[in-house]
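The lines below spell out each chain.
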Amino acid sequence: WHCIFFQRKTGRPLKSGVDMAIILAEYASGTVAPVYTASDWRTVLYNTIKKDENGIITSLNTNQITLPPGTYTVFAEAYIFNSGALNARQRLWNVTDNSDLFGQGINIRLSADTGTLGGGAAATFTLTEAKTIEHQVYPTATTGSSGTAVANGENEIYSKMIIMKH
């Protein structure tokens, strides 16, 4: 899958040659949201490579993604659910080097009194060798499985990661 970005005013290509991959936490219709335990960084669940036509993902194994050398921009978002007050942070973590990838990115923190909490993490980084990364969430309260599924015959999606290789 090849992506080209366009300038808003001129309509001319802004950047071409960006390879893209999409990874999801995708479950059968009717499956409720995952539960994340409070007060520590938890790995966000991913189980499906939806698009990766140019093979930028070396592997998806136990919710961790291995990427070859290159420059990447990654956007990741997880929806967590709780019936009470909840704050959560999300980040992209370099598992190989045990370090946060936010040295060059942003970390979004959201809060909610009840219900769905959306948010995400984004970073642009360069890898000089293959590294394994994961998306993590730090909830202040254990999340519930109150994210009741729609159960309309379509798969449930509870997290999504878009990886662009420049």
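Residues numbered from 1 in each chain as written. Predicted model: local features only at pLDDT ≥ 70, side-chain atom pairs only at ≥ 80, totals over all residues. Heavy atoms only, no water.

Focus on the overall build of the chain
And then number 1: The helix and strand tally for the chain stands at zero helices and 16 strands.
And then number 2: Looking at the chain residue by residue over its 166 residues, the buried ones come to 43%.
And then number 3: Expressed as a percentage of contacts within the chain between residues at least 6 apart in sequence, the contacts between residues at least 24 apart total 74%.
And then number 4: Carbon together with sulfur atoms contributes 49% to the accessible area of the chain, which is approximately 8,400 Å² in total. (Helix = DSSP H or I, 4+ residues; strand = E, 2+ residues; numbered from the N terminus. Buried < 20%, exposed > 50% of the residue type's maximum accessible area, 1.4 Å probe, protein only. Contact = heavy atoms within 4.5 Å. Areas by Shrake-Rupley, 256 points an atom, 1.4 Å probe, with all protein chains shown as cover.)

Some points on the confidence of the model for the chain
And then number 1: Here the chain shows a mean pLDDT of 80. Residues at 70 or above account for 74%.
And then number 2: Taken element by element, the chain is modelled with least confidence in strand β1 (residues 2-6), mean pLDDT 47, and with most confidence in strand β6 (residues 64-67), mean pLDDT 97.
And then number 3: Confidence over residues 1-5 falls short of pLDDT 50; this stretch has 25 contacts with residues more than four positions distant or in other chains. (pLDDT = per-residue confidence, 0-100.)

With respect to the side chain of Arg 91
And then number 1: Turning to its location among the elements, Arg 91 is positioned in strand β9 (residues 86-94).
And then number 2: This buried residue, Arg 91, is left without a salt bridge; Asp 100 holds the nearest opposite charge, at 4.3 Å.
And then number 3: Among the polar contacts made by the side chain of Arg 91, one reaches the side chain of Gln 136 at a distance of 2.6 Å. (Lys, Arg positive; Asp, Glu negative; His and termini not counted. Salt bridge = Lys/Arg side-chain N within 4 Å of Asp/Glu carboxyl O. Polar contact = N/O pair within 3.5 Å; in protein donor to acceptor, adjacent residues only side chain to side chain.)

Thoughts on the side chain of Thr 73
And then number 1: With respect to the element layout, Thr 73 can be found in strand β7 (residues 70-78).
And then number 2: Residue Thr 73 is classed as buried on the basis of its relative accessible area, which comes to 10%.
And then number 3: Of note is the side chain of Thr 73, whose polar atom sits 2.9 Å from the side chain of Thr 124.

Overview of the packing of aromatic side chains
And then number 1: All chains considered together, the criterion is met by three aromatic pairs.
And then number 2: Plain terms: the ring middles of Tyr 27 and Tyr 158 are 6.2 Å apart, the flat faces sit at 40° to each other, and that makes the pair tilted. In this pair, Tyr 27 sits in strand β2 (residues 13-27) while Tyr 158 sits in strand β16 (residues 156-165), placing the two residues 131 residues apart along the sequence.
And then number 3: A cation over a ring is seen here: Arg 91 above Trp 41, with NZ or CZ 3.8 Å from the ring centre. (Phe/Tyr/Trp six-rings, centres within 6.5 Å; stacked < 30°, edge-to-face > 60°. Lys NZ or Arg CZ within 6 Å of the ring centre and 35° of its normal.)

Some thoughts on the pattern of salt bridges
And then number 1: This model, assessed by the stated rule, comprises three salt bridges.
And then number 2: The salt bridge involving Lys 160 is made with Glu 77; its shortest N-O contact spans 3.0 Å. Here the residue Lys 160 occupies a position in strand β16, and Glu 77 occupies one in strand β7, the gap between them amounting to 83 residues.
And then number 3: The residue Asp 97 makes a salt bridge to Lys 131 at a minimum N-O spacing of 2.8 Å. With Asp 97 in the loop between β9 and β10 (99-100) and Lys 131 in strand β15 (residues 131-139), this pair connects stretches of sequence that are 34 residues apart.

Examining the environment of Glu 129
And then number 1: Relative to the elements of secondary structure, Glu 129 occurs in the loop between β14 (120-127) and β15.
And then number 2: With 60 residues separating them in the primary sequence, Glu 129 and Pro 69 have C-alpha atoms 4.6 Å apart.
And then number 3: The residues touching Glu 129, leaving out its near neighbours within four places in the chain, are Leu 67 and Pro 69.

Let's talk about the environment of Asn 87
And then number 1: Its place among the elements puts Asn 87 in strand β9.
And then number 2: Counting along the chain gives 54 residues from Asn 87 to Ala 141, while the straight-line C-alpha distance between them is 7.5 Å.

Brief notes about the pairing of β6
And then number 1: Both strand β5 (residues 59-61) and β6 contribute to a ladder of three bridges, which runs antiparallel. In the strand pairing of β6, Ser 59 is matched with Thr 66.
And then number 2: Here β5 hands over to β6 after two residues, with Thr 62 in that stretch at a positive phi of 45°.
And then number 3: Two strands pair when backbone bridges link them, and β6 and β15 are joined in this way by three bridges, in the antiparallel orientation. Looking across to β15, one finds that Ile 65 is bridged to Ile 133. (Pairing = 2+ DSSP bridges.)

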